[in-house]
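Structural description and commentary
One-letter residues, chain by chain:
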2 protein chains.
Amino acid sequence: MEPVTTPPKHRVVIIGGGFGGLYAAQSLNRADVEVTLIDKRNFHLFQPLLYQVATGTLSPADISSPLRSVLSRQKNARVLMEEAIDIDPENHQVVTRRGTIPYDSLIVATGASHHYFGNDQWKDDAPGLKTVEDAVEMRRRIFSAFEAAEKETDPEKRRSLLTFMVVGAGPTGVEIAGAIAELAKETLKNDFRSIDTTEAQILLVEGLDRVLPPYPADLSVKAAESLEKLGVTVRTKTKVINIDGETVTLEYNDEREVISAKTIIWAAGVKASGVGRVISDRTGASLDRAGRVMVEPDMSVPNHPNIFVIGDLAHWADSEGKPLPGIAPVAMQAGKFVAKLIKARVENKTLPVFKYQDLGSLAVIAQNKAVANVGGFHLSGFIAWFIWIVAHVYFLIEFDNKLVVMIQWAWNYITRARGARIITGGVPTPIEAPPARPRQETPVEV
Amino acid sequence: MEPVTTPPKHRVVIIGGGFGGLYAAQSLNRADVEVTLIDKRNFHLFQPLLYQVATGTLSPADISSPLRSVLSRQKNARVLMEEAIDIDPENHQVVTRRGTIPYDSLIVATGASHHYFGNDQWKDDAPGLKTVEDAVEMRRRIFSAFEAAEKETDPEKRRSLLTFMVVGAGPTGVEIAGAIAELAKETLKNDFRSIDTTEAQILLVEGLDRVLPPYPADLSVKAAESLEKLGVTVRTKTKVINIDGETVTLEYNDEREVISAKTIIWAAGVKASGVGRVISDRTGASLDRAGRVMVEPDMSVPNHPNIFVIGDLAHWADSEGKPLPGIAPVAMQAGKFVAKLIKARVENKTLPVFKYQDLGSLAVIAQNKAVANVGGFHLSGFIAWFIWIVAHVYFLIEFDNKLVVMIQWAWNYITRARGARIITGGVPTPIEAPPARPRQETPVEV
C-alpha cells in the first residue's frame, strides 16, 4: 500500500510490443511512471529472423520472447494482451474491446503489414511474411511443394511444383530466395528419390533495376552475383501483372511472360498498420502514401505533444525530407528517445532533439554470403555474414533464445541440416492431400 | 539403372513413421530389400515429450525429426508422404489416395488416438494430446487462460479461468498436471499484476484408486505425494460424468460435484488407429476392446504371415495373456524384431521368437521429481528424474534436436523460464478475443 499522500503516477500507455514499443517500455524502467504495454500477442517477435522460420531453420519460439517474461522484473510495467481498436485524445484514453485505458502519454508502435498495391486478391496465392503464422504457413507450402513434386508424375506439374517465385528483392526477398536456394541445392539434395531438388527453379522478381534497391549499387551487384551463384534467377525491372495460384504473369519492357509456379512469396511492399488511419481520424494528422503518420521531430503527433508514433508506423523526415527506413534499429532508437522524453517531462527537464544514428544496413543471402554497409564500409561475403550473425544473436532479447539459436545455427553451419522443416497446421491444400480417387490398380510412382 | 538380370528386390512397405515404423525401416538398413515408409506427416514425432510443447518448454521442431533426413543416407529406403486408406492382401498392395503401392511384406504401425469412451462431444472442450497441433492448441489454451484471468474482474469467472483439470492420471496426465503446476507456482508467478498465479487450481482426476495405475503401488503413492506438494489436487476413484465447456461434472461414491474449469485436458484413454478396423475387415483378424489387432507371437496377422502389426496398434499377448503396454520401447523392439524377421526370411534363415525386454517404466512429475521402475528397483525423486532426462535425450533421434533440447532443459532448470510459452495459431476463442462491446467509459482493470 502506498501512502495516500503520493500524487497519481504519470500513466504511459504503449500500443504494440515490437522493437519500438518494447524498447520504449524497457527504457522507462527507472522512470517514475506507470507503464501499460498493450499487444494482441503475448510475445515480442524478432521479425528479422522470421524468414528462417519460413525456411525451416528456426522454430517460432526461438525468435519470440514472451512480453511478460521480458518485463517480469520491471515493477512499473504491466502487460495487457488486448487489441486497441480506437483512441480518444479528448479524454486521453485508448479504446479496447473490453473497455478504455486512460493515459497521460501514449506511444503507438503497431508497425506495418503487407501491401499488395490494390491486388489484395493475390494474398492467398502469394502470402507475405509478417507473423509467426505467416512463417509456419510459408514453411508448410515450401516443404509440401517438394513432397508433392516427389509424387508427381506429370513433368509439367512437377516443374511447376519445383518453381518458387519471390516477389520483391528487398532484404526480406533476398533472404527468402537465398534460403530456398540453399534448401533445394544443399539441404534436401539427398532426401528425395524421384526428384532432383537441385533442379528447382528459384526466381527473384524486382520491379526496380537492381536487388536491394536501398543499398549502395556495388553491394546490389555483389548480392545479385551471390544469388545467381546459389542458383537463384534474378529478374529486375520486372513487374508482376497477375497471380492466379497456378501461374504468375510478369512484364519486362512491355513483354509479358506467364510462368507456372506453385509457390509464390510476397516480399514486395509494406503498408502501415490500420491504427495510422485511426490516429489520422482522431487527431487530424496526415498520412504518407504508405499510410504512415507524419510526425514531429520529437516523434509526437502534430498538436498532440503527448501522443507519439514510432517505428514502421511513423514517417519521420530527416534533414533532406527522406523518411527513416522501416527497420528495427530505427524503431529501437525512437522507442528509447520517446521514453527519455517522457521521463524528462515528468522531471520537468528538457532533452535534445531526436537524431537517428545510422548503424548501417545488413542483408544475408546464404551461409557465408551477405552484404553490409557499415559506417561507409561496403562489406560482402563471409565478413558481412559474420557481422550479421553477431548482430542478430546480440539483439535476440532473451538469453535462452540466443543460446538455442546459436546452437541451431552452429549445427546448421556444420551439417546444412534444417531441423525445423516440419509441415504443420494449416488447412491441407491440394498439395498435401490430393482429392480422393476411385481405387485404381496402377502402382504409384514412388 | 540396375542390370536386367538381378531378381526384383523384396518390397517392404511400412505404414507409419512413429517409433515402430521408423525403427523397422532403420533396422532394414543393410537388408537386401526395398523399403517404402508411408506417413501422412513429413516428420517423426517424439510423442513422450509432447506435453513439454503443450506447456511451453519445447518447440514442436525440437521433438520432431524430418523422416527424409533420418532416412536420407539409407539408400534402400524411400519416404512417401501419403495417407494409406486401405490394404488389399489378395493383390499385396496398400491403397492410398493417389493409387496403390505393391508390397511383399507389410508393416502397419499407425498407432493410436484419443478415446472418449463414447463421449466424442467432449473432444472440443477437453482436447487430448497426440499431435503437434494438439500440443500447440493446448499451449494456446493454457496461456490464454492466464491472460484472460489477468483481465477478468468477476472473481467467479477468474477462478474458473485459473482452474485446470486434467482427466486421467496415467503417465501423460501426471506429466501435464505437474507441468501446469510448475507453470502456475513458479514460472509465471512474477509475470502478472492483477492475478496471483500461485492461486491457480490444478485438478488431476482418475477413475481408478490411484495415480499411475500400471505402476507399483509404492510409486503411485510417491507420485501422488509429489503432485500434492506441487499444488496439484489429486482426485482418485472419481469419474467424469459430463463436460460442457464451462463446467465438469464429477462423480465420487455416487456423489456428484460440478466444477467450473475453463481449461480441461483429456489424458484418459487411447483407441487404436482406424487402420486396425481396415486390417480386421480385409484379413479377418480380431480386434481387442481398444481396437488393437490381435497378432501372432511373431507380430504377424493370423493367416497373413507377411502382414505385421506393431506398436500401439498391436495386441501382443505375453505368457500370461496380458497385452504389452502402449509405450515407445515396445514399438521400437517390435519394429526391430519384424525387420530382423523379414531380413531372415529373405535370406532363408530362421529367427528366435519375439521376447519383450522390459526396460522398466518412467514418469516425470516436475523438476527433480519423477518415479521409475527399473529392473525391479523402485526409484523416485532426483535420481528417477535424472534417469528420465538421460533416457529421453538419448532417444531423441536427431543430434541437433538432442542438443537444443538439452540446452533448453538446462536453461529451464536454472531459470525455470519457459521460452516457448507463445500463443499462436488456432481460431481465437472467447478467451483470446472477447466479443466486441459498445464503447464504454469505465476504465479496464489492468
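All figures in this text were calculated on a predicted structure; none of them were measured in a lab.

Criteria and cut-off values
- Residues numbered from 1 in each chain as written.
- Chains lettered and ligands numbered in written order.
- Predicted model: local features only at pLDDT ≥ 70, side-chain atom pairs only at ≥ 80, totals over all residues.
- Heavy atoms only, no water.
- Buried < 20%, exposed > 50% of the residue type's maximum accessible area, 1.4 Å probe, protein only.
- Helix = DSSP H or I, 4+ residues; strand = E, 2+ residues; numbered from the N terminus.
- Pairing = 2+ DSSP bridges.
- Right-handed = clockwise from strand over helix to strand, strands pointing away.
- pLDDT = per-residue confidence, 0-100.
- Contact = heavy atoms within 4.5 Å.
- Core = buried A, V, L, I, M, F, W, Y, C linked by side-chain atoms within 4.5 Å.
- Domains from an automatic or database assignment.
- Axes fitted to C-alpha atoms, helices over the stretch in contact; angles between N-to-C directions.
- Buried area = accessible area lost by both parts, 1.4 Å probe.
- Salt bridge = Lys/Arg side-chain N within 4 Å of Asp/Glu carboxyl O.
- Polar contact = N/O pair within 3.5 Å; in protein donor to acceptor, adjacent residues only side chain to side chain.

**Examining the pairing of strand β13 (residues 232-235) of chain B**
All names here are of chain B. The two faces of β13 differ: V232 and V234 on one face are buried, but T233 and R235 on the other face are not. Examined bridge by bridge, strand β12 (residues 201-205) and β13 share 4 bridges and lie parallel to one another. Each residue of the ladder has a partner; that of I202, found in β13, is V232. In this fold, the crossover linking β12 to β13 by way of helix α7 (residues 217-230) has right-handed handedness.

**What about unusual backbone geometry?**
Positive phi outside glycine occurs at H92 of chain A, with the angle close to 50°. Mapped onto the elements, H92 of chain A comes out in the loop between β6 (84-88) and β7 (93-96).

**Quick word on the confidence of the model for chain A**
Taken as a whole, chain A shows an average pLDDT of 90; of its residues, 92% reach a score of 70 or greater. Of the regions scoring below 50 in pLDDT, residues 427-446 of chain A engages in 44 contacts with residues more than four places distant in sequence or in other chains.

**Observations regarding the nonpolar core**
Counting residues in each nonpolar core, the largest one holds 76 residues, and the members touching the most others are F146, I202, L204 and V211 of chain B. Looking at which element gives the most residues to this core, the answer is helix α4 (residues 132-151) of chain B, with 10 residues. When we break this core down by domain, the ones giving at least three residues each are domain 1 (10-114 + 271-347) and domain 2 (120-268) of chain B. In contact with F146 of chain B, not counting residues within four places along its chain, are L162, F164, A184, L188, F192, I195, T197 and A200 of chain B. Of all hydrophobic cores here, the second largest spans 75 residues; its members include V136, M138, F164 and A372 of chain A.

**Focus: the sheet that holds strand β23 (residues 361-366) of chain B**
Residue and element names in this part refer to chain B. What the 3 strands build is an open sheet, ordered β23-β24-β25; its pairing is antiparallel. Whereas interior strands pair on both sides, the edge strands pair on one side only; in this sheet they are β23 and β25 (377-380). Averaged over all neighbouring strand pairs, the angle between strand axes comes to 10°, with direction disregarded. Those strands touched by α7 are β23, β24 (369-374) and β25, and its axis lies near 170° from that of β24.

**Focus: the domain arrangement of chain A**
Residue and element names in this part refer to chain A. Parsing chain A into structural domains produces domain 1 (10-114 + 271-347) and domain 2 (120-268). Using only C-alpha atoms to locate each centre, domain 1 and domain 2 end up separated by 33 Å. Of the residues lining the interface, 18 residues belong to domain 1; the matching set on domain 2 comes to 19 residues. Approximately 1,400 Å² of surface area, both sides summed, lies buried where domain 1 meets domain 2, with 67% of it carried by carbon and sulfur atoms. By the criterion of area lost to domain 2, the three top residues of domain 1 are Y51, T55 and H114, representing 39% of everything that side buries. Viewed at the interface, domain 2 and domain 1 are joined by 1 salt bridge. Where E133 meets R41, a salt bridge forms, and the shortest distance between an N and an O atom there is 2.8 Å. At the junction of domain 1 with domain 2, the criterion picks out 4 residue pairs in polar contact (both at pLDDT 80 or more).

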